[in-house]
Amino acid sequence: MAAESLSRLRAAWSARSARERTLLAIGAAVVLIGLAYGLVYQPVGRARAALAGRLPALRADLRLMRSQVAQIERLRRLSPQSGAGGDSLTRSVESTAAARGLRDSITTLTPLGGDRLQLVGKPVPAKLWLDWLSDLNRAGIRVQSCHLSLSSAGSLVGIDAILTGGRP
């Protein structure tokens, strides 16, 4: 059946004059080009334009996600490690103090039981202690009580604080 249709098509093509065959070939080429443009090129162009329009928003989302990842990593380093109660709290306090450069300024860390810890520190600028206490708070370590005492130098403060490791 297909061979029969093909032979009829060849016979019809051969029956046409050279000019008709040329016009039919040009017409078929124009139709194919129109179909290719309408069915391939134009949808691809629209999709490309839509993606180009979304690209700035996607890049902004990527920057936001990267900054959030960095913040999560920083908070994970500051967060208390799960483990043996007071030891974990002591390790967390020491690691956050070391991250702020305050480890040598802490004179005593005394576990009080019940996941509480007493901290006594040497005089340093008040902003250092306050920033560090803020880091502890973000890490889930709460300040139960705190006493800052002005040193004889006048510009430095010592700290005496009770810290607890549990979230309220």
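To start, this report covers the structure provided alongside it. As the structure is a prediction and not an experimental result, all values here were calculated from the model. (Residues numbered from 1 in each chain as written. Predicted model: local features only at pLDDT ≥ 70, side-chain atom pairs only at ≥ 80, totals over all residues. Heavy atoms only, no water.)

Section: the pattern of salt bridges
Heads up, the condition is: What makes a salt bridge here is a side-chain nitrogen of Lys or Arg within 4 Å of a carboxyl oxygen of Asp or Glu, nothing more. A helix here means a DSSP run of H or I that spans at least four residues, while a strand means a run of E at least two residues long, and both kinds are numbered starting from the N terminus. Residue burial is assigned from relative accessible area. The probe radius is 1.4 Å, only protein chains are included, and a residue is buried under 20% of its type maximum, exposed over 50%, and partly exposed in between.
One pass over the full model with this rule turns up five salt bridges. A salt bridge links Arg-8 to Glu-4, with the nearest nitrogen and oxygen atoms 3.3 Å apart. Within this pair, Arg-8 and its partner Glu-4 are both found in helix α1 (residues 2–15), separated by four residues, close to a single helical turn. Judged by relative accessible area, Arg-8 falls into the exposed class, the value being 54%. The residue Arg-103 makes a salt bridge to Glu-94 at a minimum N-O spacing of 3.2 Å. Through salt bridges with shared partners, a single network forms among Arg-100, Asp-135 and Arg-138.

Topic: the pairing of strand β4 (residues 157–164)
For clarity, the cut-off: Strands are treated as partners if at least two bridges between them are detected by DSSP.
The element β4 is extensively covered by neighbouring structure, given that six of its eight residues are classed as buried. Bridging between strand β2 (residues 116–124) and β4 involves seven bridges; their strand directions are antiparallel. Bridging across to β4, Gly-121 finds its partner in Ile-159. Note: strand β3 (residues 142–150) against β4, eight bridges, orientation antiparallel.

Section: the sheet that holds β4
Formally: What counts as an axis is a line fitted to C-alpha atoms, over the stretch in contact for a helix, and the angles between N-to-C directions run from 0 to 180 degrees. For this analysis, residues touch if any pair of their heavy atoms sits within 4.5 Å.
Pairing is antiparallel across the open sheet formed by four strands, whose spatial order is β1-β2-β4-β3. Either end of the sheet is taken by a strand with one partner, and the two such strands are β1 (106–111) and β3. Neighbour-to-neighbour, the strand axes of this sheet turn through a mean angle of 10°, independent of strand direction. Strand direction decides the pairing type here: β1 and β2, joined by five bridges, are antiparallel. Bridging across to β2, Thr-108 finds its partner in Val-120. Sheet strands in contact with helix α4 (residues 126–138) are β1, β2, β3 and β4, and its direction is about 10° off that of β4.

Here's the deal with the side chain of Thr-90
Along the chain, Thr-90 turns up in helix α3 (residues 85–100). A relative accessible area of 15% places Thr-90 in the buried class. Non-local contacts of Thr-90, meaning those with residues more than four positions away in its chain, are made with Leu-109 and Leu-117.

Some thoughts on the environment of Leu-148
Its location among the elements puts Leu-148 in strand β3. Separated by 83 residues in the primary sequence, Leu-148 and Met-65 have C-alpha atoms spaced 38 Å apart. Filtering out sequence-adjacent residues up to four positions away, Leu-148 remains in contact with Leu-130, Gly-158 and Ile-159.

Notes on the nonpolar core
To keep things clear, this is the line we draw: Here, nonpolar core means buried Ala, Val, Leu, Ile, Met, Phe, Trp, Tyr and Cys residues that are tied together by side-chain atoms lying within 4.5 Å of each other.
Membership of the largest hydrophobic core comes to 18 residues, with the highest contact counts inside it found for Val-93, Ile-106, Leu-119, Trp-129, Trp-132, Leu-136 and Leu-163. For this core, the secondary-structure elements that each account for two or more residues are α3, β1, β2, α4 and β4. Residues contacting Leu-136, with those up to four places away along its chain left out, are Val-93, Thr-96, Ile-141 and Leu-163.

Details of the environment of Pro-125
Tracing the sequence through the fold places Pro-125 in the loop between β2 and α4. Residue class for Pro-125 comes out partly exposed when judged on its relative accessible area of 37%. Residues Pro-125 and Ser-145 lie 20 residues apart in sequence; the distance between their C-alpha atoms is 19 Å. Filtering out sequence-adjacent residues up to four positions away, Pro-125 remains in contact with Ser-155, Leu-156 and Val-157.

Details of the environment of Trp-13
Its place among the elements puts Trp-13 in helix α1. Judged by relative accessible area, Trp-13 falls into the partly exposed class, the value being 42%. When the C-alpha positions of Trp-13 and Leu-24 are compared, they lie 9.7 Å apart, and in sequence the two are eleven residues distant. Non-local contacts of Trp-13, meaning those with residues more than four positions away in its chain, are made with Arg-21 and Leu-24.

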